[in-house]
Amino acid sequence: MKFSINRELLLKPLLLVSGAVERKSTLPILGNILFSVSEQSLTLTATDLELEMVAYAEINNQGADGKLTIPARKLLDICKSLPENSLITFSAQDDTVKLSSGRSRYSLSTLPATDFPNIEEWKGDVEFNLLKSELLRLIESTHFSMANQDVRYYLNGMSIESEGNEIRSVATDGHRLAICKIANDSLALPARQVIVPRKGILEIIRLLSPVDEEIKLYLGSNHIRIIDTEFSFTSKLVDGRFPDYRRVLPRNGDKIFVTDKEQLRQVLSRASILSNEKFKGVRLNFSNSLLKITANNPEQEQAEEELEIDFPYENLEVGFNVSYVLDVLNAIKDEQVKFTLADANSSVVIEGADSGEALYVVMPMRL
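Residues numbered from 1 in each chain as written. Predicted model: local features only at pLDDT ≥ 70, side-chain atom pairs only at ≥ 80, totals over all residues. Heavy atoms only, no water.

Asks: Could you clarify how one ought to interpret the environment of Val126 in this entry?
Replies: The residue Val126 is located in strand E10 (residues 126–131) in this model. The spacing of Val126 and Pro190 is 64 residues in sequence and 7.5 Å in space, taken between C-alpha atoms. Ignoring anything within four residues of it in the chain, the contact list for Val126 reads Ser162, Leu189, Pro190, Arg192, Leu217, Tyr218 and Leu219. (Helix = DSSP H or I, 4+ residues; strand = E, 2+ residues; numbered from the N terminus. Contact = heavy atoms within 4.5 Å.)

So, in structure tokens, the structure goes:
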């Protein structure tokens, strides 16, 4: 097995699949990438048994077709440090692979390709096309609300739902909830709900760019797969029931306040500097024409900010985790943001004043 490839043509697929390489595995082969040579094409595969990444490259094949596994981290570091546009030649002998480029020579130990684990074959029972920019928007609008290492393991991921012409993403950690939906008239989908694990979601964000190119999505009973011209990404699903979030959507909000998103974001960011580092609590005092934001910490330091608003209701004081509110304001694309409030003990609903594509619920804090 012998082939040559330009450094740049190899580096792109190498970087694509490296996200699925297991860093601290008890199985040494999971630290390797599977190279499969067939005629003039090279397929690279990496997996950590939860995710599988496949990418492709064109090569100049000078030997027999075959498969071998190469240590991912070492190979990536070698390729990155070689000069631009250098030609790399790979030749396999017994249980080593020799790399040569110009005057550089490297010898890396390989592991048998037959030991490399493959995610089992499966058929997606729901499949549809979506623009990369749409899928990225769905995920980026909600991913920050996923739980991290929660004992309720089904919260450590994102619910992706299809129904009719709509696709929804939902994430919650029990203290906040984020929902984003995209309607596409060309879709006619059955009602399905899958939970994609946190690692899979973060990998999808890394893979996608906000361009209007179509990708194919497959939803199976245990897997989700995304197929692009340059890569194929597969993730196992979380086996569990996502909570019925519709039941916790506040319905009693009767006080609506709309303000400039960037202005609010700036005053909250400044106030948060002096909030308690652990709980991040800030108080929002609403009166007819003024929103007063206060924060203090165990060192008895205090921050106070004021914002002119239009709030034709009774005075209201609510406490929130400022990080949660800032996450929402960073995700909303609209210039104006709309808050729907009820009382000091009720959750607030936050959304962009114009689009209505995404909706966020943040629970209040007792301060």
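Asks: Please clarify how the pairing of strand E21 (residues 302–308) should be interpreted in this entry.
Replies: Each regular strand displays side chains that alternate between the two surfaces of the sheet. Where burial is concerned, the two faces of E21 differ: the one with Ala303, Glu305 and Leu307 is buried and the one with Gln302, Glu304, Glu306 and Glu308 is not. Of the pairings in the sheet, the one linking strand E20 (residues 290–296) to E21 comprises seven bridges and is antiparallel in character. Considered in E21, the bridge of Thr294 is made with Glu304. Between E20 and E21, which follow one another and run antiparallel, lie five residues, and Gln300 among them has a positive phi close to 65°. (Buried < 20%, exposed > 50% of the residue type's maximum accessible area, 1.4 Å probe, protein only. Pairing = 2+ DSSP bridges.)

Asks: How should the sheet that holds strand E18 (residues 255–260) be read in this particular structure?
Replies: The eight strands are arranged E14-E11-E12-E13-E25-E24-E23-E18 in an open sheet whose pairing can be described as antiparallel. Every interior strand has two partners, whereas the edge strands, strand E14 (189–197) and E18, have only one. Pairs of neighbouring strands in the sheet enclose a mean axial angle of 15°, with direction left out of account. Bridging between strand E11 (residues 157–164) and E14 involves seven bridges; their strand directions are antiparallel. Along E14, the bridge assignment pairs Gly157 with Pro197. Running at roughly 90° to E18, helix H5 (residues 261–272) makes contact with E18 and strand E23 (336–341) of the sheet. (Axes fitted to C-alpha atoms, helices over the stretch in contact; angles between N-to-C directions.)

Asks: Is there a simple way to think about a positive patch on the surface in this case?
Replies: Residues Arg23, Lys24, Arg73 and Lys80 make up a contiguous surface patch of positive charge. One can find Lys80 in helix H2 (residues 72–81). The exposure class assigned to Lys80 is partly exposed, which follows from its relative accessible area of 43%. (Patch = residues over 30% accessible without salt bridge, like charges linked within 9 Å, V, L, I, M, F, W, Y side chains within 5 Å. Areas by Shrake-Rupley, 256 points an atom, 1.4 Å probe, with all protein chains shown as cover. Salt bridge = Lys/Arg side-chain N within 4 Å of Asp/Glu carboxyl O. Lys, Arg positive; Asp, Glu negative; His and termini not counted. Charge placed at Lys NZ, Arg CZ, Asp CG, Glu CD.)

Asks: Please clarify how the side chain of Ser145 should be interpreted in this entry.
Replies: Note that Ser145 resides in the loop between helix H3 (132–140) and E11. For Ser145, a relative accessible area of 1% puts it in the buried group. If we ignore the near neighbours within four places in the chain, the residues touching Ser145 are Ala171, Thr172, Asp173, Arg176, Leu177 and Ala178.

Asks: How should I be thinking about the pattern of salt bridges in this particular structure?
Replies: Pairing of side chains with opposite charge becomes possible as their charged atoms draw close. Inspection of every chain in the model, using the stated rule, returns 20 salt bridges. For the salt bridge of Asp125 with Arg192, the shortest nitrogen-to-oxygen distance reads 2.6 Å. Of this pair, Asp125 sits in the loop between strand E9 (104–109) and E10 while Arg192 sits in strand E14, and the two are 67 residues apart along the sequence. Here Arg176 ties to Asp173 by a salt bridge, and the two come within 3.2 Å at their closest N and O atoms. In this pair, the class of Arg176 matches that of Asp173, namely buried. One network of salt bridges, in which partners are shared, links Glu161, Glu163, Glu166, Arg168 and Arg246.

Asks: Can you walk me through the side chain of Ser36 in this structure?
Replies: With respect to the helices, strands and loops of the structure, Ser36 is situated in strand E2 (residues 32–38). Classification of Ser36 as buried rests on a relative accessible area of 14%. Other than its neighbours up to four places away in sequence, Ser36 contacts Ser41, Leu42, Thr43, Gly66 and Lys67.

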